[in-house]
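# Structural features, examined
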Amino acid sequence: MARPLGYPAVPARRGIAVALAAASISLLLQACGGEERFSQRICPRVQVLEYADRLTEFAQGAGRDLTDVVLRGRLVNFDGECNVEDDRVELDLTVEFLLERGPANRRREGRFAYFVAIPEFHPAERGKRVFPVEMKFESGVNRVLYRDEVSIGIPLTGQRRATDFNVFMGFQLDREQLGFNRSGG
């Protein structure tokens, strides 16, 4: 079994992920409160990490063609809101994944994990949370939209503001999966 990677040090994804992030950040900013609070404090920046927006899981063995795919997924959307207090930010996120059962998936099950990371706290435990997901494909259904909700607390100490933090999310990939994504697979 492949070893999961820690937080990969790659830049934020451009293109679709940036558009999704911009739209979601706009919603996040609006959720921070009235105009007076908004002008003083706004929410952390939330982005999808480059190459972590998609997952392709192959069956064990040497094959790496379409017939060897167990599960494919894409992080297609996220939304949320934040509540900024004097000493803490509570970030509530809804994350959506489009998942597709591959030809090698005989059990009609899907297992994957995704992460939410705050690099400013790396390598401490609060720097990254991994959320495992187990789901089933109903009979006759090979594609599903999976939605999950998570809450992340960010302490504000000293002169730190909510805008001082970056929040990244994506699929928790092993080295082979990350390499596959980087190669354009």
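Our subject is the structure listed above.
Description of the structure in this document. (Residues numbered from 1 in each chain as written. Predicted model: local features only at pLDDT ≥ 70, side-chain atom pairs only at ≥ 80, totals over all residues. Heavy atoms only, no water.)

What helix 3 (residues 175–182) keeps buried is the set Gln-177, Leu-178 and Asn-181. Each buried residue of helix 3 lies within a common arc of 100 degrees when the element is viewed along its axis, so the set occupies one face. Where helix 3 begins, one side-chain oxygen reaches toward the backbone nitrogen of Glu-176, 3.1 Å away; that side chain belongs to Asp-174. In the segment just after helix 3, Gly-184 is the residue with positive phi, at about 85 degrees. (Buried < 20%, exposed > 50% of the residue type's maximum accessible area, 1.4 Å probe, protein only. Helix = DSSP H or I, 4+ residues; strand = E, 2+ residues; numbered from the N terminus. Arc of directions from axis to C-beta. Polar contact = N/O pair within 3.5 Å; in protein donor to acceptor, adjacent residues only side chain to side chain.)

Moving on, we get to the sheet that holds strand 8 (residues 166–171). The strand order across the open sheet built from four strands is 1-8-5-6, with neighbouring strands paired in mixed fashion. Sheet topology places strand 1 (45–48) and strand 6 (128–136) at the edges, where each strand pairs with a single neighbour. Across the sheet, the axes of successive neighbouring strands diverge by a mean angle of 20 degrees, strand direction being ignored. (Pairing = 2+ DSSP bridges. Axes fitted to C-alpha atoms, helices over the stretch in contact; angles between N-to-C directions.)

The subject of this paragraph is the nonpolar core. Core analysis: the largest hydrophobic core is formed by 37 residues, its most contacted members being Phe-112, Tyr-114, Val-116 and Met-169. Contributions of two or more residues to this core are made by strand 1, strand 3 (69–84), strand 4 (88–101), strand 5 (109–117), strand 6, strand 7 (143–155) and strand 8. With residues near it in sequence (within four places) discarded, Met-169 still touches Val-46, Gln-47, Val-48, Leu-49, Leu-75, Phe-78, Leu-93, Val-95, Phe-115 and Val-116. The next biggest cluster of nonpolar side chains, apart from the first, holds five residues, and it includes Leu-49, Ala-52, Ala-117 and Phe-168. (Core = buried A, V, L, I, M, F, W, Y, C linked by side-chain atoms within 4.5 Å. Contact = heavy atoms within 4.5 Å.)

Let us look at the state of the cysteines. Under the defined criterion, the tally for this structure stands at one disulfide. Note that Cys-43 is cross-linked by a disulfide to Cys-82, the S-S spacing being 1.7 Å. Taking the sign of the S-S torsion, about -70 degrees here, the bridge from Cys-43 to Cys-82 comes out left-handed. You can see Cys-43 sitting in the loop between helix 2 (35–40) and strand 1 and its partner Cys-82 sitting in strand 3, a full 39 residues away along the chain. Judged by its relative accessible area of 3%, Cys-43 is buried. (Disulfide = S-S within 2.5 Å.)

These figures come from the coordinates and say nothing about function on their own.
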